[in-house]
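One letter stands for each residue in the lines below.
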Amino acid sequence: QLLPSHNVRQANHMAGLIITKEGTLPLFTPSFSSSWKLHHSWSSHIASSWTSADTGSTSVRPSVNRFCLKSIPKGHPKGATSCTVAASWPRSPGADYGSTSLGDSASLTILRSPAKKQQLSKLKMSSVRGRKADSKTGSWWDEKLVDANNDVTLALTLQITSAHMKDESMVRNLLSLADSNIFHWGCRQPSILLIHVDSSNEEDAALLKNTLKLIRDTFAPPSNDDATTTSSTSSTTHLKNSLVAVIDSYETTISRKGLLNMATFAAATRWIVSGLELERGLVLSREASVYAGRQAKAYADMTGHVFVLPQFASTRDDTRDDGGGGETGEHRYPEGRVIYSVVGADLLPSIRGKQTMRSNLSEYDCVRCEEEDDGYVDDGVDDEAESHGRRLSDAHPSSSAEMNVDELLEDLWWDLSVADVYGTPGGFNGASETSVGAMAKIHDRIEVSLVSLLDRKGEHLEYLRYFDKSPILMIDRLGPKKEMMTLDLAPEVENFGGRACFHLLRLAQLATLGYKVSVLPGAFAASYPNTREALCNESIRESSTSQCDCELDSESTITQILMDEVKRTAKVAVLMNEVDARLLNSQ
């Protein structure tokens, strides 16, 4: 059985597949060169050949992959799961839809797309486990607005629970946070917002109906017969290059990693930024889109890079901007919309000196994680379950000389960001040779720290499992070697749903596969007192779980899935080394 997260590329773009116990591995085509051949163009009308090499979307076709949003342990074979909620994007004309006897488990509605309105019509589909509704559109992207090679797509996800829906202001605040991130990202580069709505509460259908109306009023384009069409259009200009879709299912919680995969696979660009937790009140910095676009152009000739954007909890709101675009406002915000003001890179030197941004996000969470007691009860699927309630406070003790990978990345980001603002070497020695040497050593330590997390031993396993921040990554869809496609080789593991469940696994896998992991200087995300307060009330505190762990209730299933992921990654890395060695010998 092919695991749902291990997608298969189209046969005409690969030599074949290797079927293993851990999943499918690509059989790379023998070639005289293991590097990518990129056809550079600053025009958005010409894309490189890579756009047809993976199963993600492009500007002319959507992804046809299936995404598992909820899974449960099967018990046999060991480590197997059964997908109970699945969804996919509408497929292009002429695709083989297929069908199953299973009923619908989720539905998706596209509210807004850069494509022409008549191409969208009413796009609604049933779950991948049911029959598909016919779609008459090839893609939801406007090729004139998307530069596949040089643009960076922002992929956002949002989960609205039944607890949120009980308070209309809470739903509005969540939508405003999503809207704020899209606004600060800007309309010059594409963005995706995928919203999941819990429709399990059938007793109060009015709450669900009202929530869907709020979402539509916020993001859907105005109708032609709307008397306020002109003003509505002007207030949604920042959304003209955005894809906004809603998924509703009868599950109270679903896998955020499944949503992340679905959102990133909808991107039409080579570079994608994903991982930001809107539910924590995080908003991107003002110039994040500019820094991301600059990095994409700088690394146009160099494939296989991953850049980390740090995330902080600010102790102060941004008071420099009145948010209304008046005489004192530095930025003009859309009329009638709540846009949260954020700081930019110009304040980083001052922020670092005053220490007004903290790395420990959990300290500022509305519902903090608590340690479970030793009375953990397994569901009976697995007899080898051990107590896994111990939550990691610091996998690397403070007395240790070794810094954890999060600290390494953050320190590197601060040095490079301050250097970018001031035009000085920051924390590095002014001599160029020393600076280059210091950079090389730091990147080497980062790579070693990430790869070592996959040894599944002691503190490394604890740190990998309970790291409680979802990394915000700017990822290149092109891997370090020819035919290595990032979305297919290293997607998020959809089975690992939960507040804290192997959030660093994907980054560790990418480092093992030979990707160069660094930081995106100047770009970051932060929550502020006003954004955190907007998402926190007594209802949320009472209804939200304080347990931070994986949602799968079988410890042996979790262990086996992790083992399979580690082995699969290692096998791909070995396979690539063999290909390189064969090419070297042939020369």
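Residues numbered from 1 in each chain as written. Predicted model: local features only at pLDDT ≥ 70, side-chain atom pairs only at ≥ 80, totals over all residues. Heavy atoms only, no water.

Attention now goes to the overall build of the chain. Counting its secondary structure elements, the chain contains 16 helices and 17 strands. The 587 residues of the chain split such that 56% are buried. Taking all contacts inside the chain whose residues are at least 6 apart in sequence as the whole, residues at least 24 apart take part in 80%. (Helix = DSSP H or I, 4+ residues; strand = E, 2+ residues; numbered from the N terminus. Buried < 20%, exposed > 50% of the residue type's maximum accessible area, 1.4 Å probe, protein only. Contact = heavy atoms within 4.5 Å.)

What follows deals with the nonpolar core. If you look at the biggest cluster of nonpolar residues, it comprises 103 residues, and the most contacted ones within it are Leu-193, Ile-195, Phe-219 and Met-474. Residue contacts for Ile-195: discarding those within four places in its chain leaves Leu-158, Ile-160, Leu-175, Ile-215, Phe-219, Ala-245, Val-246 and Ile-247. With 27 residues, the next largest nonpolar core counts Val-85, Ala-106, Ile-192 and Ile-254 among its residues. (Core = buried A, V, L, I, M, F, W, Y, C linked by side-chain atoms within 4.5 Å.)

This paragraph deals with the sheet that holds strand S17 (residues 525-527). Read across the open sheet, the four strands follow the order S11-S17-S13-S14; overall the sheet is mixed. At either margin of the open sheet sits one strand with a lone partner, and together these are strand S11 (282-284) and strand S14 (357-358). Bridge count between S11 and S17: three bridges; the pairing is antiparallel. Each residue of the ladder has a partner; that of Leu-284, found in S17, is Ala-525. (Pairing = 2+ DSSP bridges.)

What the rule picks out here adds up to three disulfides. A sulfur-sulfur distance of 2.1 Å marks the disulfide that ties Cys-366 to Cys-536. For the disulfide bridge between Cys-366 and Cys-536, the dihedral angle about the S-S bond is near 70 degrees, and by the sign convention the bridge is right-handed. One end of the pair, Cys-366, is in the loop between S14 and helix H9 (405-422); the other, Cys-536, is in the loop between helix H14 (529-534) and helix H15 (538-543), with 170 residues separating them in the sequence. With relative accessibility at 26%, the residue Cys-366 sits in the partly exposed group. Residue Cys-536 is classed as buried on the basis of its relative accessible area of 19%. (Disulfide = S-S within 2.5 Å.)

Here we come to the pattern of salt bridges. For the structure shown, the criterion picks out 16 salt bridges. Note that Arg-465 is salt-bridged to Glu-555, the shortest N-O span being 2.7 Å. Taken together, the positions of Arg-465 in helix H11 (residues 458-466) and Glu-555 in helix H16 (residues 555-586) put the pair 90 residues apart, joining distant regions of the chain. Each member of the pair, Arg-465 together with Glu-555, is buried. Because the salt bridges share partners, they merge into one network encompassing Glu-277, Arg-280, Asp-365 and Arg-499. (Salt bridge = Lys/Arg side-chain N within 4 Å of Asp/Glu carboxyl O.)

It is worth spelling out the environment of Trp-140 at this point. Relative to the assigned elements, Trp-140 resides in the loop between strand S6 (124-125) and strand S7 (152-160). Separated by 103 residues in the primary sequence, Trp-140 and Leu-243 place their C-alpha atoms 7.5 Å from one another.

Moving on, we come to the packing of aromatic side chains. Two numbers describe a pair of aromatic rings. These are the distance of the centres and the angle of the planes. Summed over the entire model, instances satisfying the criterion amount to 11 aromatic pairs. Between Phe-67 and Phe-265, the aromatic rings sit 5.4 Å apart at their centres with planes inclined by 65 degrees, giving edge-to-face as the arrangement. Highlighted residues: Phe-67 in strand S3 (residues 67-73) and Phe-265 in the loop between helix H6 (256-264) and strand S10 (271-277), separated in sequence by 198 residues. Under the relative-accessibility criterion, Phe-265 is labelled buried at 1%. Ring centres of Trp-413 and Phe-524 lie 5.8 Å apart, and the angle between their planes is 70 degrees; on these two criteria the pair is classed as edge-to-face. You can see Trp-413 sitting in helix H9 and its partner Phe-524 sitting in the loop between strand S16 (516-519) and S17, a full 111 residues away along the chain. (Phe/Tyr/Trp six-rings, centres within 6.5 Å; stacked < 30°, edge-to-face > 60°.)

Further remarks concern the pairing of S3. Counted residue by residue, S3 has six buried out of seven residues, so it is predominantly covered. In this sheet, strand S4 (residues 81-87) lies alongside S3 in antiparallel orientation, the contact comprising six bridges. Each residue of the ladder has a partner; that of Ser-71, found in S4, is Cys-83.

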